[in-house]
Amino acid sequence: MSNNTVDVALIGGGIMSATLGTLIKQVRPEWSIEIYESAAEVATESSNAWNNAGTGHAALCELNYMPEAADGSLSPAKAIQINEQFQLSRQWWSSLVNAGVLGEPQSFINATPHMTFVRGEANVDYLRRRHQVLQSEPLFADMEFSDDPAQIAEWAPLLVDRRAKDEVFAATRSLTGTDVDFGSVTRQLISHLVNEGARLHLRTPVQKLSRRADGTWDVHLPARSGMGHQRVNAKFVFVGTGGGALPLLQSSGIPEIRGFGGFPISGKFLKCSNPEIVKQHRAKVYGKAAVGAPPMSVPHLDTRIVNGEESLLFGPYAGFSPNFLKNGSWWDLPGSVRAHNLGPMIKVGVTQFSLEKYLVSEVLASREKQMQSLREYMPTARTEDWEMITAGQRVQIMKKDPQKGGVLQFGTEVITGGEGSIAGLLGASPGASTAVHAMLGVLEKCFPEQFENEWKAVLKSHVPSLGEDINADPAIAAKSLADTAEVLGLNTRV
Ligand SMILES: Cc1cc2nc3c(=O)[nH]c(=O)nc-3n(C[C@H](O)[C@H](O)[C@H](O)COP(=O)(O)OP(=O)(O)OC[C@H]3O[C@@H](n4cnc5c(N)ncnc54)[C@H](O)[C@@H]3O)c2cc1C
């Protein structure tokens, strides 16, 4: 067992650990950081470019952030919140590009218009009203609406080509949208951390966490040949293991994790690399979720730019596997059941009929049925141009609810415990796009005094709008969009 106590142990080499570690280096450069990653490389799970859709979620195109209330009203509050959170990411990444920590912006972020596309009178009416509400919000000011097929064909020809003449459809478009390679961000940040003295331990799955009487944590590592099991002592632990966060947080014994369970949903995408087709589409086009489908299953036809190469993705198609990680084990789901989360999990199981029905139909869908879903967005799609790829696992949160017994939650939740000495992230949405906001939240929750008295000022030099209501002031919103577009090279007309 190591006698040294490290300041920070980051478990998992995904975008969350990479972001938190880099933020910590900005406020406490002298702190020692150890990073433990079970795989042979960092960014091989959800943060990998091909395991997620790469949407820089800013609520420009995702309808689930602005549902219609029972009285027909539309509130922009959630959409504004998500967009403001993404502005923090844009600002922080810009400061890192300026500092040379992140390289060429095109290696991780590219301007890609965000569009919403809907069909049928009722949906067109909803989209028009949504556009009217958002248009007066500074962060959404550039959004355009059209129900003119010729205009939509100009924006995204594949949506309109060979569509029935009598079909009613409409779209919105925002040019401030982005495609992000979160895997590239992760690799670049971790490489910077290692250059700054952090130690990266690959092929090192953390097995459990235990707390000592002095309040520090023992991080239990696998046996090394002839040396038995290893333990490293840390003052602060971050569980950034994505889908694997629930079991590790459970092993820590913190009361804050009681009542939480996880429900894994795997994602698949159709991918097209045919350059003749790829060059006809430059946008992320989100539609409307099928009835009963969870919000993250909204179909979208996306441009992806990874390692400078463009391709198209369509999906996600859902699948079911009890694994919590893509490279996890079938034991993950049953092994996470405890006396304290069994009730909420059963309650979710017996109340989420529409989700279960949706999952069963997705799992049983034939290739032809999958292509039919794509043809709703791209009528000319040919089966031979598209291959199915398996994306990452999302572990949705199931948690105890005083009124309902148990609820399924589609957002993310930061769990902290041990007087701020341990934190972890559960859930997957809006995910990597809002990693900066989420990790600033971890620092604020775990180190409240330092954050308020010392760190906030330092962090504001990297994230100027930290703590500010960006959308409330048109000048601040416009400045955030313009400054970050300039540094991140997003002004190129696409
Ligand atoms: C299908 C899909 C589509 C998505 N689309 C988007 C999108 O368009 N935009 C967006 O912003 N977000 C999207 N997301 C969400 C986003 O990908 C995740 O929120 C984000 O990548 C999570 O990052 P993370 O660092 O928490 O986890 P991960 O990237 O999963 O990293 C966790 C790491 O921990 C390691 N690990 C696990 N257990 C252990 C252990 N015991 N010891 C050591 N290491 C361990 C894993 O190997 C992995 O490297 C999507 C997710 C999915 C699955």
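So, here is what we can say about the structure in this document. (Residues numbered from 1 in each chain as written. Predicted model: local features only at pLDDT ≥ 70, side-chain atom pairs only at ≥ 80, totals over all residues. Heavy atoms only, no water.)

Some words on the pattern of salt bridges
Side chains that differ in sign of charge can pair as their charged atoms come close.
Then, in step 1: Inspection of every chain in the model, using the stated rule, returns 26 salt bridges.
Then, in step 2: Residue Arg128 is joined to Asp147 by a salt bridge in which the shortest nitrogen-to-oxygen separation is 2.8 Å. Of this pair, Arg128 sits in helix α3 (residues 121-135) while Asp147 sits in the loop between β5 (144-146) and α4 (149-155), and the two are 19 residues apart along the sequence.
Then, in step 3: Under the relative-accessibility criterion, Arg128 is labelled partly exposed at 29%.
Then, in step 4: Between Lys399 and Glu413 there is a salt bridge, with the nearest N and O atoms lying 3.0 Å from each other. Of the two residues, Lys399 sits in strand β16 (residues 387-401) while Glu413 sits in strand β18 (residues 412-417), which places them 14 residues apart along the sequence.
Then, in step 5: In the salt-bridge network here, residues are joined through shared partners; they are Arg119, Arg163, Glu167 and Glu376. (Salt bridge = Lys/Arg side-chain N within 4 Å of Asp/Glu carboxyl O. Helix = DSSP H or I, 4+ residues; strand = E, 2+ residues; numbered from the N terminus. Buried < 20%, exposed > 50% of the residue type's maximum accessible area, 1.4 Å probe, protein only.)

Remarks on the pairing of strand β19 (residues 422-427)
Then, in step 1: β19 sits mainly inside the fold: 5 of its 6 residues count as buried.
Then, in step 2: Pairing between strand β11 (residues 228-239) and β19: 3 bridges, direction parallel. When the sheet's bridge partners are listed, Val237 is paired in β19 with Ile422.
Then, in step 3: As paired strands, β18 and β19 are joined by 6 bridges and run antiparallel to one another. Bridge pairing links Thr412 to Gly427 in β19.
Then, in step 4: Taking the residues between adjacent antiparallel strands as the criterion, β18 and β19 are bridged by 4 residues, where Gly418 takes a positive phi near 50 degrees. (Pairing = 2+ DSSP bridges.)

What to know about the packing of aromatic side chains
Then, in step 1: The full count for this structure, using the stated rule, is 12 aromatic pairs.
Then, in step 2: Arranged with centres 5.7 Å apart and planes meeting at 50 degrees, the rings of Trp31 and Phe447 form a pair that is tilted. Here Trp31 is found in the loop between α1 (15-27) and β2 (33-36), whereas its partner Phe447 is found in the loop between α13 (435-446) and α14 (448-460), with 416 residues between them in sequence.
Then, in step 3: The class of Trp31 is buried, set by a relative accessible area of 15%.
Then, in step 4: Aromatic pair Trp31 and Trp455: ring centres 5.9 Å apart, planes at 80 degrees, arrangement edge-to-face. Here the residue Trp31 occupies a position in the loop between α1 and β2, and Trp455 occupies one in helix α14, the gap between them amounting to 424 residues.
Then, in step 5: Taking the relative accessible area as the measure of exposure, Trp455 reaches 1% and is therefore buried. (Phe/Tyr/Trp six-rings, centres within 6.5 Å; stacked < 30°, edge-to-face > 60°.)

Things to note about the site of the ligand
Then, in step 1: With respect to spatial proximity, 36 residues lie near the ligand, and among them Glu37, Ser47, Thr55, Val206 and Ser433 are the closest.
Then, in step 2: In this structure, an oxygen atom belonging to the ligand sits 3.0 Å away from a main-chain N or O atom of Met16.
Then, in step 3: For the ligand, whose accessible area on its own is 1000 Å², the fraction buried by protein is 95%.
Then, in step 4: Looking at the shell around the ligand, the elements that each hand over two or more residues are α1 and β16.
Then, in step 5: Top element by residues in the shell around the ligand is β16. It accounts for 4 residues.
Then, in step 6: Looking at the shell around the ligand residue by residue, the classes come out as 14 nonpolar, 19 polar and 3 charged. (Near = heavy atom within 4 Å. Polar contact = N/O pair within 3.5 Å; in protein donor to acceptor, adjacent residues only side chain to side chain. Areas by Shrake-Rupley, 256 points an atom, 1.4 Å probe, with all protein chains shown as cover. Nonpolar A, V, L, I, M, F, W, Y, C, P; charged D, E, K, R; others polar.)

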